[in-house]
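Descriptive analysis of the structure
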Amino acid sequence: MTEKTPAAAASTAPVKRLRKAERREQILDAATRSFARAGFTATSLDDVAMEAGITRVLLYRHFDSKADLYRAVLDRACLRLADTVGEDSFDDDSIPALLQAASADPDGFRLLFRHAAREPEFRDLIDTLTRASREIAQQNLAQRIPAGPWLEWAAQVIPTMTIEAVIAWLDAGRPDPDLAAARIRQAVDGVIHAAHPSPADPTAS
C-alpha cells in the first residue's frame, strides 16, 4: 500500500465547512503567512491552499487569481493598520499604535511596507500610503518646525524612519515592548531637533 504524501493527504482530507466570510478570512490568513515567507513571485496558489488546508478549487471560489488574492491581503493589512493607528494624525499615541498594529499582524505589516514596495504590480498601494504619511506628518510637524525645506525634509524622513524602526524591532524579536515606543520616539525627536535652524545657519532669522 502506497503511503500518501502530506500534499496528497491535504488534498484528499475532508474540508471543514465554513461560512463564506469565515473561509475568506481563513484564506487571507494563510496567504499572508505564505506570501510573507517567500514573496509574491515565489508563492503559488497551491502553496496558499496547502497552508489553508483546502483545495485549490475552493480557493478559486473566493479569489480569481494570485494577484487578486495578494491585493486582498494588502488591502486587509492596510485597513487593520488604519483601524489601529488612525488616518489623519501624528501625535504621542501614533508610535505605540504603530507598534501595536505591527505586533498584531507582523506578516501583514511586513508585506505592506517591505514586500509590496518591491513588487511593481502593487507599488501603487505603498506609494499612496507614503504620500499620505508625508502629508499628515507635514501638517502635524508644522506646529513644531518652521516652514521651509527642512520641514519638508523632516516630513519625508520621519514616516520612513519610523516604519523601518518598527520592522527592525519586529526582526529583532520585539525587545523591550514597554520601552520600544519611547526609544523610537527619541529618534523622531532627534530628526525634529535637527530640522530646526541653528544659530550658525545663514537662513535662520
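The rules behind the values
- Residues numbered from 1 in each chain as written.
- Predicted model: local features only at pLDDT ≥ 70, side-chain atom pairs only at ≥ 80, totals over all residues.
- Heavy atoms only, no water.
- Helix = DSSP H or I, 4+ residues; strand = E, 2+ residues; numbered from the N terminus.
- Expected span 1.5 Å × (residues − 1).
- Buried < 20%, exposed > 50% of the residue type's maximum accessible area, 1.4 Å probe, protein only.
- Contact = heavy atoms within 4.5 Å.
- Salt bridge = Lys/Arg side-chain N within 4 Å of Asp/Glu carboxyl O.
- pLDDT = per-residue confidence, 0-100.
- Axes fitted to C-alpha atoms, helices over the stretch in contact; angles between N-to-C directions.
- Parallel < 35°, antiparallel > 145°, perpendicular 65-115°, else oblique.
- Left-handed = near helix turned anticlockwise from the far one by under 90°.

A separate point is helix α9 (residues 149-171). Between its first and last C-alpha, α9 extends 33 Å over 23 residues, near the 33 Å set by a 1.5 Å rise per residue. Of the positions making up α9, those classed as buried are Leu151, Ala154, Ala155, Ile158, Pro159, Thr162, Ile163, Val166, Ile167, Trp169 and Leu170. For α9, the secondary structure elements touched by its buried residues are α6 (94-104), α7 (106-115), α8 (123-141) and α10 (177-195). Following α9 by one or two positions, Gly173 adopts a phi angle in the positive range, close to 95 degrees.

Turning our attention to the environment of Val166. Along the chain, the position of Val166 falls in helix α9. Accessibility expressed as a relative area gives 0% for Val166, which makes it buried. Along the chain, Val166 and Gln100 lie 66 residues apart, while their C-alpha atoms are 10.0 Å from each other.

By the secondary structure assignment, Ala180 is in helix α10. Beyond its immediate chain neighbours, meaning those up to four positions away, Ala180 contacts Leu99, Trp169 and Pro175.

To continue, consider the pattern of salt bridges. As enumerated under the stated definition, the model contains 13 salt bridges in all. For Glu51, the salt bridge identified is with Arg37, shortest N-O distance 2.8 Å. In this pair, Glu51 sits in helix α3 (residues 45-52) while Arg37 sits in helix α2 (residues 20-42), placing the two residues 14 residues apart along the sequence. With relative accessibility at 57%, the residue Arg37 sits in the exposed group. With a closest N to O distance of 3.1 Å, Arg110 and Asp171 form a salt bridge. Of this pair, Arg110 sits in helix α7 while Asp171 is found in helix α9, placing the two residues 61 residues apart along the sequence. Each of Glu25, Asp29 and Arg76 takes part in salt bridges that share partners, so that together they form one network.

All right, on to unusual backbone geometry then. A positive phi angle, close to 60 degrees, is found at Arg174, a residue other than glycine. Not every positive phi belongs to a glycine, and Asp176 is a case in point at roughly 45 degrees. Looking at the secondary structure, you find Asp176 in the loop between α9 and α10. A relative accessible area of 42% places Asp176 in the partly exposed class.

This brings us to the confidence of the model for the protein chain. Overall, the predicted model of the protein chain reaches an average pLDDT of 87, with 85% of residues at or above 70. Throughout residues 1-13 the model reports pLDDT below 50, and contacts reaching past four residues in sequence, or to other chains, amount to six contacts.

Let's shift gears to the packing of α2 against α3. Two numbers describe how α2 lies on α3: the axes approach to 8 Å, and their chain directions differ by 140 degrees. The angle between α2 and α3 falls in the class oblique. By crossing handedness, the relation of α2 to α3 is classed as right-handed. Where α2 approaches α3, its residues Gln26, Ile27, Ala30, Ala31, Arg33, Ser34, Phe35, Arg37 and Ala42 are matched on the opposing element by Asp47, Val48, Glu51 and Ala52.

Attention now goes to the side chain of His115. As for its placement among the helices and strands, His115 is situated in helix α7. Given the relative accessible area of 16%, His115 is considered buried. Once residues within four sequence positions are removed from consideration, His115 is found in contact with Ala36, Gly39, Tyr70 and Arg110.

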